[in-house]
Amino acid sequence: MNNWNNEFMAEYHRQQILTDAEQIRLEKIAFQSRIYHPRFFERTMFRFANWMIATGKELRQRYEVPTVPCSNCPTGSFAQ
């Protein structure tokens, strides 16, 4: 029986597992400290959304049907 080879392979696998665990730990630390930098598509969509909001407000003011004050309504309703 060749027990030396089995012991050597077990020690090699143990070292490999410890190395992988340390690598995973370092990756988690690096990922947590990562600063968010939006890419081109995200920046473009953000600007597009802001433009749509600004334009929508202007369009709503321009094309919205004006409300009529109901103070002189014949129904006597309190809705305005």
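Rules and cut-offs
- Residues numbered from 1 in each chain as written.
- Predicted model: local features only at pLDDT ≥ 70, side-chain atom pairs only at ≥ 80, totals over all residues.
- Heavy atoms only, no water.
- Helix = DSSP H or I, 4+ residues; strand = E, 2+ residues; numbered from the N terminus.
- Buried < 20%, exposed > 50% of the residue type's maximum accessible area, 1.4 Å probe, protein only.
- Areas by Shrake-Rupley, 256 points an atom, 1.4 Å probe, with all protein chains shown as cover.
- Patch = residues over 30% accessible without salt bridge, like charges linked within 9 Å, V, L, I, M, F, W, Y side chains within 5 Å.
- Salt bridge = Lys/Arg side-chain N within 4 Å of Asp/Glu carboxyl O.
- Phe/Tyr/Trp six-rings, centres within 6.5 Å; stacked < 30°, edge-to-face > 60°.

Peer 1: Looking at this model, I keep getting lost on the overall build of the chain. Mind explaining?
Peer 2: When you go through the chain residue by residue, the secondary structure sums to two helices and zero strands. Going through the 80 residues of the chain one by one, you find that 1% of them count as buried. Put simply, the chain shows about 8400 Å² of open surface, and 62% of that area lies on carbon and sulfur atoms.

Peer 1: Which parts of the structure should I look at to understand a nonpolar patch on the surface?
Peer 2: A surface patch of nonpolar side chains, about 580 Å² in accessible area, is lined by Phe41, Met45, Phe48, Trp51 and Met52. With respect to the element layout, phenylalanine 41 can be found in helix α2 (residues 40-63). For phenylalanine 41, a relative accessible area of 60% gives the class exposed.

Peer 1: Please clarify how the packing of aromatic side chains should be interpreted in this entry.
Peer 2: Counting across every chain of the model gives one aromatic pair. A ring pair is formed by phenylalanine 48 and tryptophan 51, whose centres lie 6.0 Å apart and whose planes are at 20°; its orientation type is stacked. Highlighted residues: phenylalanine 48 and tryptophan 51, both in helix α2, separated by three residues, approximately one helical turn. Judged by its relative accessible area of 52%, tryptophan 51 falls in the exposed class.

Peer 1: Before we go on, may I ask you to explain the pattern of salt bridges in this structure?
Peer 2: Within this structure, the stated rule accounts for two salt bridges. Between glutamate 22 and arginine 25 there is a salt bridge whose closest N-O contact spans 2.6 Å. In this pair, glutamate 22 and arginine 25 both sit in helix α1 (residues 3-32), three residues apart, roughly one turn of the helix. Since its relative accessible area comes to 35%, glutamate 22 is described here as partly exposed. By relative accessible area, arginine 25 is classed as partly exposed at 41%.

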